[in-house]
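Report on the structure
The chain contents come next:
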Amino acid sequence: MAVAAGSVESARQFRESGADVHASTSDMKNCLHLAVDNGHLEMLQLLLEHKKTSENLYKSDARERVPLHNAAVSPNIKVPINNSFFSSYPRII
């Protein structure tokens, strides 16, 4: 609930007190899905600082989408692209 509401301080306290960072909603959305879906970039940054929480990047929801899928189509979350990744591929003009 803290993540969906964007309450960064509450989420930080829950995380530090041992909250289950792998908990999910009835449609299998984890805390990263909720942060992305609600456009809470600061929350997303907080969650990704924690190794156990970042494991949620690879967990699909009921629609078979990982949080990055949702981030790619969200108008509120900008996903930086590492240009060095693409520099090894030939440019197609």
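You'll find the structure just up there.
Below is a short write-up of the structure.

Definitions and limits used
Residues numbered from 1 in each chain as written. Predicted model: local features only at pLDDT ≥ 70, side-chain atom pairs only at ≥ 80, totals over all residues. Heavy atoms only, no water. Core = buried A, V, L, I, M, F, W, Y, C linked by side-chain atoms within 4.5 Å. Buried < 20%, exposed > 50% of the residue type's maximum accessible area, 1.4 Å probe, protein only. Helix = DSSP H or I, 4+ residues; strand = E, 2+ residues; numbered from the N terminus. Contact = heavy atoms within 4.5 Å. Arc of directions from axis to C-beta. Axes fitted to C-alpha atoms, helices over the stretch in contact; angles between N-to-C directions. Parallel < 35°, antiparallel > 145°, perpendicular 65-115°, else oblique. Left-handed = near helix turned anticlockwise from the far one by under 90°. Nonpolar A, V, L, I, M, F, W, Y, C, P; charged D, E, K, R; others polar.

What follows covers the nonpolar core. Membership of the largest hydrophobic core comes to 14 residues, with the highest contact counts inside it found for V3, A11, A35, M43, L44 and L47. At the level of elements, α1 (2–5), α2 (8–16), α3 (31–37) and α4 (41–48) are the ones that each hand at least two residues to this core. Residues in contact with L44, not counting those within four places in the same chain, are L32, A35, V36 and I77.

On to α4, then. Where α4 is concerned, the buried positions are M43, L44, L46 and L47. All buried residues of α4 project into a common sector of 160° when viewed along the axis, lining one side. Of the surrounding secondary structure, the elements contacted by the buried residues of α4 are α1, α2, α3 and α5 (51–54).

Turning our eyes to something else, we now look at the packing of α2 against α4. As a packed pair, α2 and α4 sit with axes 10 Å apart at the nearest point and diverge in direction by 15°. The angle between α2 and α4 places the two elements in the roughly parallel class. At the point where α2 passes α4, the crossing takes the right-handed sense. Residue-level contacts link V8, A11, R12 and R15 of α2 to E42, M43 and L46 of α4. Across the contact of α2 with α4, the residue classes tally to four nonpolar, no polar and three charged.

Right, let's talk about the environment of C31 for a bit. Following the sequence through the fold, C31 ends up in helix α3. Relative accessible area serves as the criterion here: at 12%, C31 is assigned to the buried category. Sequence separation between C31 and S54 is 23 residues, and the spatial gap between their C-alpha atoms is 9.8 Å. Not counting residues within four places of it along the chain, the set of residues in contact with C31 comprises V3, V21, A23, L47, T53 and N56.

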